[in-house]
Amino acid sequence: EIEKETEQYDKFGIWPAVYQEIKIEAAEVVAEEELSSQEAKQPQNKNRNRYRDVYPYDHSRVKLQKGETDYINACHLPIPEANRNYILAQGPLVHTSGHFWQMVWEQNTKAVVMLNKVIENGSRKCHQYWPLGEHLGDDDEVTYDDVQIKVTYLDEKDCKYYIVRTLEMEDLETNETREILHFNYVTWPDFGVPSSPTAFLKFLMAVRESGALDPDVGPAVIHCSAGIGRSGTFCLVDS
């Protein structure tokens with residue numbers, strides 16, 4: 001039934017009207033439930049947002065446990081019906097990359113799922129927040145002094161449509177280390193669709209099989225550039 005409905009939308013070109021209807025309904029829910037995003041607009045937090053119109057809600061935003069402010073542009077997305085908990089985040093900025101890794105550490109996240117490329121259509125969509133490794137002419141490690149976390153490149157596997165990296169995080173205050181998986185889907189264009197449903201589903205299965213989405217580990221951190229379109233779609237398909 002859903003397929004027939006979407007075919008009708010395609011046939012008669014009414015997707016813009018559908019999107020507008022969703023936008024109006026969403027605005028009504030926000031107003032009715034008095035959902036606010038005040039913390040994101042505080043003077044000390046404004047430069048931590050990649051886009052001026054994409055803010056996490058106060059009630060669901062992720063709170064950092066230490067630092068001058070607890071703000072990061074990321075939010076919790078629990079879906080109890082599917083026994084899932086995700087964190088959706090924006091692509092880190094140069095000066096928020098340390099906060100991003102701090103969040104990964106504090107939330108006991110097992111994997112980061114990145115659904116964009118750093119550069120898309122000539123625009124920077126995300127900071128290069130992890131070390132690429134000496135084999136690609138980059139460093140094997142990067143240290144974020146502001147949060148006292150070091151990230152080290154260990155290994156990567158190129159799976160054609162996506163790359164799976166193994167990274168090590170170290171808390172420099174306690175010397176505790178953890179391995180983190182970094183799933184990077186590289187063939188999903190901004191404002192577009194994946195090149196192949198089969199390829200995307202294989203990617204999803206790889207994330208699932210890693211155990212990163214299981215309820216006994218911290219929430220996986222899912223991000224694209226804004227943390228809305230591709231990130232939300234990933235969570236919808238998985239759940």
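These figures come from a predicted structure and were not determined experimentally.

## Comments concerning the nonpolar core
- In terms of nonpolar packing, the biggest core is built from 26 residues, with Phe100, Trp101, Met103 and Tyr129 touching the most fellow members.
- Mapped by element, the contributors of at least two residues to this core are strand S2 (71–79), strand S3 (84–89), helix H3 (97–106), strand S4 (111–114), strand S8 (149–158) and strand S9 (162–171).
- By residue number, the principal contributor to this core is H3, which donates 5 residues.
- Apart from the residues within four sequence positions on either side, methionine 103 is in contact with Val62, Leu64, Ile72, Ala74, Ile87, Ala89 and Val221.
- Ranked by size, the runner-up nonpolar core spans 24 residues in total, among them Leu115, Val164, Phe203 and Cys224.

## Details of empty space enclosed by the protein
- If you walk through the whole model with that rule in mind, you get 1 cavity of 30 Å³ or more.
- Quantified by volume, the largest cavity comes out at close to 30 Å³.
- If you go around the largest cavity, the residues you meet are Ile72, Asn73, Ala89, Gln90, Pro92, Thr96 and Phe100.
- Taken together, the residues of the lining of the largest cavity sort by class into 4 nonpolar, 3 polar and no charged.

## Remarks on the layout of surface pockets
- The calculated volume of the largest pocket comes to roughly 2,000 Å³.
- Contributing to the lining of the largest pocket are 49 residues, with Gly227, Ile228, Gly229, Arg230 and Gly232 lying nearest its centre.
- Put simply, the parts of the chain that give the lining of the largest pocket at least two residues each are helix H2 (15–32), S2, S3, helix H4 (197–209) and helix H5 (229–238).
- When residues in the lining of the largest pocket are grouped by element, the largest group, 8 residues, is from H2.
- By residue class, the composition of the lining of the largest pocket is 31 nonpolar, 12 polar and 6 charged.

## Describing H3
- In terms of residue burial, H3 counts as a mostly covered element, since 10 of its 10 residues are buried.
- Those residues of H3 that sit buried are Ser97, Gly98, His99, Phe100, Trp101, Gln102, Met103, Val104, Trp105 and Glu106.
- Taken from the residues just after H3, asparagine 108 is the one with a positive phi, measuring 60°.

Parameters at a glance
Residues numbered from 1 in each chain as written. Predicted model: local features only at pLDDT ≥ 70, side-chain atom pairs only at ≥ 80, totals over all residues. Heavy atoms only, no water. Core = buried A, V, L, I, M, F, W, Y, C linked by side-chain atoms within 4.5 Å. Buried < 20%, exposed > 50% of the residue type's maximum accessible area, 1.4 Å probe, protein only. Helix = DSSP H or I, 4+ residues; strand = E, 2+ residues; numbered from the N terminus. Contact = heavy atoms within 4.5 Å. 1 Å grid on protein atoms, 1.4 Å probe; cavity = no way out; pocket = protein on both sides within 12 Å on 5 of 7 lines; lining within 4 Å. Points joined across faces, edges and corners; volume = space filled by probe spheres on them. Nonpolar A, V, L, I, M, F, W, Y, C, P; charged D, E, K, R; others polar.

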